[in-house]
2 protein chains.
Amino acid sequence: MMTVHDLETPCVLIDMSIMENNIRQMQARCNLLGKDFRAHIKTHKIPQIAWVQVLTGAVGIACQKVSEAEVFADAGFDNIQIPYNIVGERKLDRLLALAKQTRLTVSADDLAVVAGLASAAARHDTRLRVMVDLGTTMRRTGAALDQIVPTARAIVQASHLDFAGVLIYPSTADNREMLQAALSNLSDAGIAVESISGGGMGGARDAELMPEVTELRVGTYVFNDWNSVRAGYCAPDDCAMRVRATVVSRPDADRGFLDAGSKTLSSDTDGSGYGHIVEYPDARIVRLSEEHAHCDFSACQSRPQVGEIVHVIPMHTCVVSNLHDHLIGVRGQDVIIDWQVKARGCVV
Amino acid sequence: MMTVHDLETPCVLIDMSIMENNIRQMQARCNLLGKDFRAHIKTHKIPQIAWVQVLTGAVGIACQKVSEAEVFADAGFDNIQIPYNIVGERKLDRLLALAKQTRLTVSADDLAVVAGLASAAARHDTRLRVMVDLGTTMRRTGAALDQIVPTARAIVQASHLDFAGVLIYPSTADNREMLQAALSNLSDAGIAVESISGGGMGGARDAELMPEVTELRVGTYVFNDWNSVRAGYCAPDDCAMRVRATVVSRPDADRGFLDAGSKTLSSDTDGSGYGHIVEYPDARIVRLSEEHAHCDFSACQSRPQVGEIVHVIPMHTCVVSNLHDHLIGVRGQDVIIDWQVKARGCVV
């Protein structure tokens, strides 16, 4: 059997036992709370892993872009949510073609977005499920509270759209009051809400505190990452993704360079660094160039030699998947599977 | 003919006239100064564009990783420099296989790296050209001054290695004194230096001030980016790469979201933002999520509607090329060519 020692660096390893445990734990938590779980595929972009999530109990998947949803519909998934404003005639045509093929739900935070969806659905004579996206304290997309009823009403009134409920991101407890107000306004307006889809790692953490939320969509939990550890969502041992890298330069006593740079780890950071080196927990990755991680080993008692292999838990796992054509599933030192990242680079 | 209006967003446009002008200007500058020019392909990763650079006068190309060099050797390039410490038996085997096929030059900043190259070259009974990499004020890889002679001597003495000169990055004027000292030490040691390869946009800017440098290797100039503009290397009109994007959400008067996030623009930043919106020069891209650019339009007199198309000059062009399977060559509004980013994702 091939082992990790046969792999060239850098490469991205997924510990399958940790991943499977993460999938089971999240599903068990949702089962216990009586919420539906929806797997956001942005973290892995690999149909085979999404199948594990669905077979473990997920009601369906979420994709962030139409081209991602196409990859997963082609792979046989039939309950796909795209929590995104789909805008532009060509993209709407693609969306409606997909809606003919699978049970598809999108979101909208604006009357102009609803108008585009309504007209495309009518043009294609195809029904489309649309949720209203409620803005949160995170200030991403999402309608302001006073726009929720008008937006929902426009969906209800469109001949080919079905109002599918309320979507929020993240569904953290600090957004409960706003969500309750939105639901109360919709109820007063006589608009029935079938589903309330929350999401994010913080939404999963706060799930008990958000009884209104009927469905959780989460992606990162499947692999976890150093952001998750720093946020207190998981322990380092819950991180399934490790970037295997080689120390290729040690110009002086304190500094070292790995053969994994921003093309491998991505330049996503919370300001604290660019990942955690498992073998040298006191080291810091202080900078990335495209092909080098610039490491500061000054806090480490022992320091690596040129040629030594190390493993990095990346800051943000989803963007790492998007940089690589393949992720390597391992159990211990054994290489079990080479997954193609089938929906890598799907930005349209 | 297809025009840009037929393209879905987000997509990456290359203005071919600007690109061709950038290529001509850089080559003319090197011709004038009597320096060789070597095109670093990391910026585009596209053989067809490298051919334009070589036909305009480049002596060869630079690739940062062995797998990139393989793509370009397969495309017929025969003078390839890899300014990188190649470490590890499997990778050295790939390197030497490539050295049989094309004129290949690598670099080394350490005796351990030279030992690996020497033993692989002997094992494959293949000669390999090796430069010594001199550390600079930027504190990337590179040997300290007192390690230059021992490292060069180890190359000279290895049965299957040819000493190919000194490599520095960046070859900015603040590194001249160090370079002169290194050359003087090599001369005192009786080691002849055939070539001195400098690089980077700053190296190109300082080329007159660095008469010792015989060869410039630069990548970014071919497209330029907002980092180049901010550093004073070029004007906005010299930027050939523009990411075409759609405004997909306008939750309030000041905020707006484009359908281009870190998967499209990369999260590389100098702290000032994540790119320049050509149509709204006073707007700021303050944050990226994976599929959204979070824009602040508060300083703009007019502001876009949902559905409006805009163009973003990215902060760092090289990492954008690495995120996309295709770049689209345009002249004005006409779509001329769809280039496959053939060496995208080549990290090993």
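A brief structural summary. Residues take numbers from 1 onward in each chain, read along the sequence in its written order. The order in which chains are written sets their letters, starting at A; the order in which ligands are written sets their numbers, starting at 1. Owing to the predicted nature of the model, reporting of local features is limited to residues with pLDDT of at least 70; listing and counting of side-chain atom pairs is limited to 80 or more, with chain, interface and lining totals taken over all residues. Note that the side-chain values use all heavy atoms of the structure and ignore hydrogens as well as water.

Next up on the list: the pairing of strand 2 (residues 36-40) of chain A. Residues and elements named next belong to chain A. With four of five residues buried, strand 2 is to be regarded as a mostly interior element. In this analysis, strands are considered paired if DSSP registers two or more bridges between them. Every helix listed is a DSSP run of H or I at least four residues long, and every strand listed is a run of E at least two residues long, numbered separately from the N terminus. Note: strand 2 against strand 9 (residues 215-218), four bridges, orientation parallel. Of the residues in strand 9, the one forming a bridge with Asp 36 is Glu 215. If the strands point away from the viewer and the path from the first strand over the helix to the second runs clockwise, then the crossover is right-handed. The handedness of the strand 2 to strand 3 (residues 60-62) crossover, carried by helix 2 (residues 47-55), is right-handed. Burial here depends on accessible area, computed with a 1.4 Å probe over protein chains only, as a share of the maximum for the residue type. Under 20% is buried, over 50% is exposed, and the range in between is partly exposed.

Note on the copies: chain B fits chain A at an RMSD of 0.0 Å, the axial shift is 0.0 Å, and the rotation between them is 180°. Here the symmetry operator amounts to a two-fold rotation axis. Relative to the rotation axis, the C-alpha of Ser 267 of chain B is the closest in chain B, positioned 2.8 Å from it. Whether two residues are in contact is decided by their heavy atoms: any pair within 4.5 Å suffices. Comparing interface residues between copies, 100% of those in chain B also lie at the interface in chain A; the contact surface is shared. The superposition of copies rests on a least-squares fit of C-alpha positions from residues with pLDDT of 70 or more in both.

Core analysis: the biggest nonpolar cluster contains 55 residues, and Phe 72, Ile 80, Ile 82, Leu 95, Leu 117, Leu 128 and Leu 161 of chain A have the highest contact counts within it. Once residues lying within four places of it in the same chain are set aside, the contact partners of Phe 72 of chain A are Ile 41, Lys 45, Ile 46, Pro 47, Ala 50, Ile 61, Cys 63, Phe 77, Ile 80 and Ala 343 of chain A. Working definition of a nonpolar core: buried Ala, Val, Leu, Ile, Met, Phe, Trp, Tyr and Cys residues. They are joined through side-chain atoms within 4.5 Å.

Okay, the layout of surface pockets next. Using a probe with the size of a water molecule, rolled over the atoms, empty space left in the structure can be pinpointed. Here a cavity means grid points, on a 1 Å grid over the protein atoms only, where a 1.4 Å probe fits yet cannot get out; a pocket means an open set of points with protein on both sides within 12 Å along at least five of seven lines; lining residues are those with an atom within 4 Å of a point. Grid points are joined across faces, edges and corners, and a volume is the space filled by probe spheres set on the points. Taken as a whole, the second largest pocket encloses approximately 450 Å³ of empty space. Val 348 of chain A together with Pro 10, Cys 11, His 326 and Ile 328 of chain B are the residues nearest the centre of the second largest pocket, which is lined by 20 residues in total. Where the lining of the second largest pocket is concerned, the elements lending two or more residues are strand 1 (11-15), strand 16 (326-331) and strand 17 (334-340) of chain B. Ten residue types, Ala, Val, Leu, Ile, Met, Phe, Trp, Tyr, Cys and Pro, are classed as nonpolar, four, Asp, Glu, Lys and Arg, as charged, and the remainder, Gly among them, as polar. For the lining of the second largest pocket, the per-class residue count stands at eleven nonpolar, four polar and five charged.

Attention shifts here to the packing of aromatic side chains. Residues and elements named next belong to chain A. Within 6.5 Å between ring centres, the rings of Phe, Tyr and Trp (the latter by its six-membered ring) count as paired, and their orientation is classed by plane angle as stacked under 30 degrees, edge-to-face over 60, tilted in between. The final tally for this structure, using the stated rule, is eight aromatic pairs over all chains. Arranged with centres 5.3 Å apart and planes meeting at 85°, the rings of Phe 37 and Tyr 221 form a pair that is edge-to-face. Separated by 184 residues along the polypeptide, Phe 37 in strand 2 and Tyr 221 in the loop between strand 9 and helix 9 (226-230) bring together distant segments of the chain. Of the two residues, Phe 37 and Tyr 221, both sit in the buried class.

On to the packing of helix 3 (residues 66-74) of chain A against helix 4 (residues 89-101) of chain A, then. Packed helices, taken two at a time, are described by their axes: the angle between them and the distance between them. Residue and element names in this part refer to chain A. A fitted line through C-alpha atoms serves as each axis, taken over the contacting stretch for helices, and the angle formed by two N-to-C directions is quoted from 0 to 180°. Contact geometry of helix 3 with helix 4 gives a least axis separation of 10 Å together with a crossing angle of 25°. Relative to helix 4, the element helix 3 lies roughly parallel. Helix 4 is crossed by helix 3, and the crossing has left-handed handedness. Judged by residue contacts, Val 66, Ser 67, Ala 69, Glu 70, Ala 73 and Asp 74 of helix 3 engage Lys 91, Arg 94, Leu 95, Leu 98 and Gln 101 from helix 4. Looking at the contact of helix 3 with helix 4 residue by residue, the classes come out as five nonpolar, two polar and four charged. In what follows, roughly perpendicular refers to angles from 65 to 115 degrees, roughly parallel to angles under 35, roughly antiparallel to angles over 145, and oblique to any angle outside these ranges. Throughout, a crossing is termed right-handed when the near helix is turned clockwise from the far one, and left-handed when it is turned anticlockwise from it by less than a right angle.

By themselves these figures say nothing about function.
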